[in-house]
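# Per-entry structural report
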Amino acid sequence: MTMSTYLCRIVGESPQRAARFHQSTVRRTTAFAIAIHIPVILWALTSFVIAAGIFHLNTLSAAVVGLVCAGLVYLVERIVLATPKGWFINISRLIIGVVISILGASTVDLVIFDREISEQLQRDGEARLVALHDTQVQLQVAVVAQKKIDWFKAHEAAACEANGTCGSRVRSVGPVYRELARQADLLHRDFSGAQDRLTQLQAQKAKALDQWHSRPPSADRAGLLARVQALHAYTTANTAAQVAWILFFVLILFFELMVVLSKMVFGETVDDVLDRMREDISRQKAQEYVNAITSPLALARSMIDDVYRLPSV
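Small disclaimer: the values here were computed from a predicted structure and weren't measured.

## Regarding the overall build of the protein
When helices and strands are tallied, the protein shows 12 helices and zero strands. Counted from the first residue to the last, the protein has its helices and strands arranged as α-α-α-α-α-α-α-α-α-α-α-α. When burial is assessed residue by residue, the protein has 29% of its 313 residues classed as buried. Taking the intrachain contacts of the protein between residues at least 6 apart in sequence as the baseline, contacts between residues at least 24 apart amount to 75%.

## Points about the packing of helix α3 (residues 23-53) against helix α10 (residues 258-265)
At their nearest, the axes of α3 and α10 sit 8 Å apart, and the two run at 155° to each other. Compared by their axis directions, α3 and α10 come out roughly antiparallel. On α10, the residues that touch F32, A35, I36, I38 and P39 of α3 are M258, V259, S262 and K263.

## A word on the nonpolar core
Formed by 15 residues in total, the largest nonpolar core has its most connected members in I10, V11, A33, I36, L81 and V259. For this core, the secondary-structure elements that each account for two or more residues are α1 (5-10), α3, α4 (59-82), α9 (239-256) and α10. Broken down by element, this core gets its largest block of residues, four residues, from α3. The residues contacting A33, other than those within four sequence positions of it, are L7, I10 and V11. In terms of nonpolar packing, the next biggest core, distinct from the first, is built from eight residues, I50, I54, F113 and I117 among them.

## Let's talk about the packing of aromatic side chains
Evaluated as defined, the whole model comprises three aromatic pairs. With a centroid separation of 4.9 Å and an interplanar angle of 40°, the aromatic rings of W151 and F152 are classed as tilted. Between W151 and F191 the ring centres are 5.6 Å apart and the planes differ by 15°, which places this aromatic pair in the stacked class. Pair noted here: W151 is in helix α6 (residues 114-163) and F191 is in helix α7 (residues 175-214), with a separation of 40 residues, a long-range link. Exposure remark for W151: the relative accessible area of 19% places this residue in the buried category.

## Remarks on the pattern of salt bridges
Tallying each qualifying case throughout the model produces two salt bridges. Residue D134 pairs with K205 through a salt bridge whose shortest N-O separation is 2.5 Å. Here K205 lies in helix α7 and D134 lies in helix α6, a separation of 71 residues in the sequence. By relative accessible area, which is 22% here, D134 ends up partly exposed. On the basis of relative accessible area, K205 is assigned to the partly exposed category, the value being 22%.

## Things to note about the packing of α4 against α10
Remark: α4 packs on α10, axes separated minimally by 10 Å, with the N-to-C direction vectors making an angle of 10°. Taken together, the axes of α4 and α10 lie roughly parallel to each other. Seen from α4, the contacting residues are E77, V80 and L81; seen from α10, they are V259, V260 and K263. A class-by-class count of the residues in the contact of α4 with α10 yields four nonpolar, no polar and two charged.

## Considering the environment of R123
Checked against the element boundaries, R123 lands in helix α6. A residue is classified by how much of its surface remains accessible, and R123, at 41% relative accessible area, is partly exposed. Between the C-alpha atom of R123 and that of Y234, which follows or precedes it by 111 residues, the distance is 9.9 Å.

## Considering the confidence of the model for the protein
For the protein, mean pLDDT is 77; residues scoring 70 or higher make up 78% of the total. Highest mean pLDDT in the protein belongs to α4 (89); lowest belongs to helix α12 (residues 296-308) (63).

## Structural notes on the side chain of S24
If you trace the backbone, S24 turns up in helix α3. We classify S24 as buried; its relative accessible area is 19%. Excluding its chain neighbours within four sequence positions, the residues that come into contact with S24 are T269 and V270.

## Section: the side chain of K263
Within the fold, K263 resides in helix α10. The class of K263 is buried, set by a relative accessible area of 12%.

The rules behind these values
- Residues numbered from 1 in each chain as written.
- Predicted model: local features only at pLDDT ≥ 70, side-chain atom pairs only at ≥ 80, totals over all residues.
- Heavy atoms only, no water.
- Helix = DSSP H or I, 4+ residues; strand = E, 2+ residues; numbered from the N terminus.
- Buried < 20%, exposed > 50% of the residue type's maximum accessible area, 1.4 Å probe, protein only.
- Contact = heavy atoms within 4.5 Å.
- Axes fitted to C-alpha atoms, helices over the stretch in contact; angles between N-to-C directions.
- Parallel < 35°, antiparallel > 145°, perpendicular 65-115°, else oblique.
- Core = buried A, V, L, I, M, F, W, Y, C linked by side-chain atoms within 4.5 Å.
- Phe/Tyr/Trp six-rings, centres within 6.5 Å; stacked < 30°, edge-to-face > 60°.
- Salt bridge = Lys/Arg side-chain N within 4 Å of Asp/Glu carboxyl O.
- Nonpolar A, V, L, I, M, F, W, Y, C, P; charged D, E, K, R; others polar.
- pLDDT = per-residue confidence, 0-100.

Shown next, in the form of structure tokens:
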């Protein structure tokens, strides 16, 4: 069972060395080479779409962004494959893989749910517009209510002065009444002006909503964080959409974790055992050489050799 040169180069193995691999090692290396394509391709496609669709880059620039992101992910995945096994290494490798996978799955979701995100952005924009005008209208409603109360109080005071039940206690329409009536008239004008302003604000709200519905702003101007927030709001408000999003997210997360899962599933092969034995033998030989050089017996032998090499007198 042999491997293609392309698959060998993908995982950083020499084709000449791979030709001597045991079948189990060939199967594992082939699986690693195939698995590493999945997150790289996903990152390349999603990075290109996001760069072109969200950041409005031209095709060449978006392609460069996609290649750079894919290259970075490829290097990280190569590091994941090259790290030795161990509980600390496995946990670190899993954390790195999960972080990359979550980011990759999130970007893929932005592409898959692009139409839903655009609809949610439109609704959010309309809600902000309504909230803005409602705030102004509510403030003006409070002003109208207060001016109405002030006008009624002034009107009642003038009427009370006219019939003599309060104030000067004299039934008349004299100077005091005329002053109170003048104040009531001014307050009535203020009340009428506040009502007109309220009607104007309500008309502005209706006009703004009509313009929004007739010519809604493009969702392409929304940034990456705004789209993530819109996706969260859409899935939170819709149970079916939330279930679909979770399924897609888990699926993409599984794809992104393919290298990590492959690394965890495959165990040692015959070639791994042989490599470890060769390494142990090399380490043992090196230690024996060091011991031979630094031992007292070797030092004494070296001194004797030096004596015999001295020139005779």
